[in-house]
Structures are given as structure tokens and as C-alpha cells.
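Report on the structure
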Amino acid sequence: MRPGMWESAVTAASGQTATRSSCFKPANAAMSNGSPAVVRAETEKAMSKSACTLKDFNLDSNTLTLTMVCGTTTTHQETKFHGGDSFETTTTNTVGGVTKLTQIKSRRTGDCKGAE
């Protein structure tokens, strides 16, 4: 992924879509573009702050799949990267036997405004 402004459209299980933009800084890109071991370590570090456990993790050239457990919620994510300028994520959350699907489509829209 390249640093810059990213726009993400999140479509919930209900069909509602919300769009937001954020600046993806060079330091974030360096972590995200690291080796599978580095990306896994950063993912586990982030999860430790929320009392979640990483169960499965696989990162190849253009796909990241992971499964995490947070209390009674199991989340499975699959992200497909399209070069450095877009990606799509499908998230399946299962709570008490009920499964909900969320889809995210993100694309780079340009450089960040102001200082990075």
C-alpha cells in the first residue's frame, strides 16, 4: 500500500454504506508492506490492546486472511490487494451462531494534505 489519502466505503450487513477518508502515513505503509512476519507481529500487537487473540494468519503477494477471537465474537477477514492503490476486505463476524458480513472497498485518492 502506498502512503496518501485513502477513501474507504464500508457496507454493513444491513446494506447501509458509510464512506470516510484518512491519511495513511509513510510509517504505517512501512509496517503494512513488511514481511509476513512483521505484519503478523504488528497485527498481534494491535490486538493485544483489545484483548483479542489471533487464531489464523496468512499473507501472500496479494491476499491477507486472518481469523481472530474477541470474547464471544469470531472474526474472519480476507483482504485482496490490487497493486498499491486499492484493496477490498470482506469481514465475517460470528456471535452466538449469528453471522454478519461487512465489505470494505478502499482506494488511494491522492497525497495527504499538509504535513505527514
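Residues numbered from 1 in each chain as written. Predicted model: local features only at pLDDT ≥ 70, side-chain atom pairs only at ≥ 80, totals over all residues. Heavy atoms only, no water.

1. Topic: the overall build of the protein chain
On a plain count of helices and strands, the protein chain comes out with two helices and seven strands. With respect to the three principal axes, the spread of C-alpha positions in the protein chain is 45 × 35 × 25 Å. Counting all 116 residues of the protein chain, 25% fall into the buried class. Partitioning the contacts of the protein chain with sequence separation of at least 6, the portion at a separation of at least 24 is 27%. Taken as two groups, the 13 positive and 10 negative side-chain charges of the protein chain have centres that lie 5 Å from each other. (Helix = DSSP H or I, 4+ residues; strand = E, 2+ residues; numbered from the N terminus. Buried < 20%, exposed > 50% of the residue type's maximum accessible area, 1.4 Å probe, protein only. Contact = heavy atoms within 4.5 Å. Lys, Arg positive; Asp, Glu negative; His and termini not counted. Charge placed at Lys NZ, Arg CZ, Asp CG, Glu CD.)

2. Describing the packing of aromatic side chains
Inspection of every chain in the model, using the stated rule, returns three aromatic pairs. Where W6 meets F87, the ring centres are 5.6 Å apart and the plane angle is 40°; that geometry is what we call tilted. Here F87 lies in strand β6 (residues 86–95) and W6 lies in strand β1 (residues 4–11), a separation of 81 residues in the sequence. Residues W6 and F87 agree in their burial class; the two are buried. Considering the side-chain rings of F81 and F87, the 5.9 Å spacing of their centres and the 50° angle between planes classify their relative orientation as tilted. On the accessibility criterion, F87 (15% relative accessible area) is buried. Each member of the aromatic cluster is reached from another via a ring pair, and the members are W6, F24, F81 and F87. (Phe/Tyr/Trp six-rings, centres within 6.5 Å; stacked < 30°, edge-to-face > 60°.)

3. What about the environment of F87?
For the pair F87 and S8, spaced 79 residues apart in sequence, the C-alpha separation works out to 9.4 Å. Excluding its chain neighbours within four sequence positions, the residues that come into contact with F87 are M1, W6, T79, K80, F81, H82, I104, K105 and S106.

4. Side note on the layout of surface pockets
Each pocket or cavity is described by its volume, and for the largest pocket that value is around 1000 Å³. Every residue lining the largest pocket is counted, 32 residues in all, and those nearest its centre are M1, S32, L64, F81 and F87. (1 Å grid on protein atoms, 1.4 Å probe; cavity = no way out; pocket = protein on both sides within 12 Å on 5 of 7 lines; lining within 4 Å. Points joined across faces, edges and corners; volume = space filled by probe spheres on them.)

5. Topic: the state of the cysteines
Under the criterion given, the structure shown has two disulfides. Across the disulfide, C23 is cross-linked to C112 (sulfur-sulfur distance 2.0 Å). Handedness of the C23-C112 disulfide follows from its S-S torsion of about 105°: it is right-handed. Remark: C112 occurs in the segment after β7 (98–110) and C23 occurs in strand β2 (residues 17–24); sequence separation between them is 89 residues. Relative accessible area serves as the criterion here: at 30%, C23 is assigned to the partly exposed category. Between the sulfur atoms of C52 and its disulfide partner C70 the distance amounts to 1.9 Å. Looking along the S-S bond of the C52-C70 disulfide, the torsion reads about 115°, which is the right-handed sense. Here C52 is found in the loop between α2 (36–48) and β3 (53–59), whereas its partner C70 is found in strand β4 (residues 63–70), with 18 residues between them in sequence. Taking relative accessible area as the criterion, C52 reaches 16% and is therefore assigned buried. For C70, a relative accessible area of 26% puts it in the partly exposed group. If the cysteines joined by disulfides in the protein chain are listed in sequence order, their pairing comes out as 1-4, 2-3. (Disulfide = S-S within 2.5 Å.)

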